[in-house]
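What follows is the residue order along each chain.
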Amino acid sequence: MATRDATTHWKGGLNSGTGTLALDSSNSARFTVTFPRRVGEPEGTTSPEELIAAAQASCLAMNLAGTLEKDGLTPNTIDVTASVTVNPSDGGLSIDTVAITLRAAVDGVDEERFSALAQRAKDTCPVSRALAGTTITMDAALA
């Protein structure tokens, strides 16, 4: 299976320093990261929490497509938004929750069956499994 890499180069202290995050495997992006922007308004920078949200959203969309296909269904569209909340905890920070909103257009499935398949996709998503110590909620519905 695949291994993916990212690298951060940091200069300075926590509150006055800055970092550059590179997506090494794809070489598709470089991001600035700072602690004040991590816990405040982003102002054009990203954060570990935003990257976790991106990982959760993209992983779940792919996993739901596969889960639906295994059940004989083909999705027309899948839209996933993941919101990651970080709060102070024990002298540091803690990711408390990931709130997912999922909407999909899928022919030939009712809301109850779709809900069960969406829950299965969330529970078997590799990113959800990696975040097993975090509360992950999901609002899933047909579009």
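Since we're looking at a predicted model, the values are computed, not measured. (Residues numbered from 1 in each chain as written. Predicted model: local features only at pLDDT ≥ 70, side-chain atom pairs only at ≥ 80, totals over all residues. Heavy atoms only, no water.)

## A few points about the pattern of salt bridges
Just so we agree on the cut-off: For this document, the term salt bridge refers to a Lys or Arg side-chain nitrogen within 4 Å of an Asp or Glu carboxyl oxygen. For helices the rule is a DSSP run of H or I covering at least 4 residues; for strands it is a run of E covering at least 2, with both sets numbered from the N terminus onward. The cut-offs for exposure are 20% and 50% of the maximum accessible area for each residue type, with area from a 1.4 Å probe on protein chains only; residues under the lower value are buried, those over the upper are exposed, and the others partly exposed.
Inspection of the entire model under this criterion finds five salt bridges. Residue Glu49 pairs with Arg38 through a salt bridge whose shortest N-O separation is 2.6 Å. Placement of the pair is Glu49 in helix 2 (residues 48–70) and Arg38 in helix 1 (residues 35–39), with a sequence separation of eleven residues. For Glu49, a relative accessible area of 4% gives the class buried. Residue classification places Arg38 among the partly exposed positions, given a relative accessible area of 29%. The partner of Asp71 in a salt bridge is Arg113, and the shortest N-O contact between them spans 2.7 Å. Note that Asp71 is positioned in the loop between helix 2 and strand 4 (75–89) and Arg113 in helix 3 (residues 111–124), a separation of 42 residues in sequence. Taking the relative accessible area as the measure of exposure, Asp71 reaches 28% and is therefore partly exposed.

## Regarding the sheet that holds strand 6 (residues 135–142)
Formally: Here the rule is simple: two strands pair whenever DSSP picks up at least two bridges between them. Each axis is a line fitted through C-alpha atoms, and for a helix only the stretch in contact is used; angles between axes span 0 to 180 degrees, taken between their N-to-C directions. Any two residues whose heavy atoms approach within 4.5 Å are treated as being in contact.
Pairing is mixed in the open sheet, where three strands are placed in the order 4-5-6. The open sheet has two free edges, formed respectively by strand 4 and strand 6, since each of these has just one partner strand. Sheet twist, expressed as the average angle between the axes of neighbouring strands with direction ignored, equals 15°. The pairing of strand 5 (residues 92–106) with strand 6 spans eight bridges and is classified as parallel. Residue pairing in the sheet places Thr101 in a bridge with Asp139 of strand 6. Helix-sheet contacts for helix 2 involve strand 4, strand 5 and strand 6, and the interaxial angle to strand 4 is about 150°. Along the sheet face, helix 3 touches strand 5 and strand 6 and points at about 145° away from the line of strand 6.

## Section: helix 2
Along an α-helix, a turn takes 3.6 residues, which lines up residues three or four apart on a common side. In plain terms, the rule: Each residue after the first adds 1.5 Å to the expected span of a helix.
For helix 2, which comprises 23 residues, the first-to-last C-alpha distance of 32 Å matches the rise-based estimate of 33 Å (1.5 Å per residue) to within 8%. Along helix 2, the residues that are buried comprise Glu49, Ala53, Gln56, Ala57, Cys59, Leu60, Asn63, Leu64, Thr67 and Leu68. If you follow the buried residues of helix 2, they end up packed against helix 1, strand 4, strand 5, helix 3, helix 4 (126–130) and strand 6. Phi turns positive one or two residues past the end of helix 2, at Gly72, with a value near 80°.

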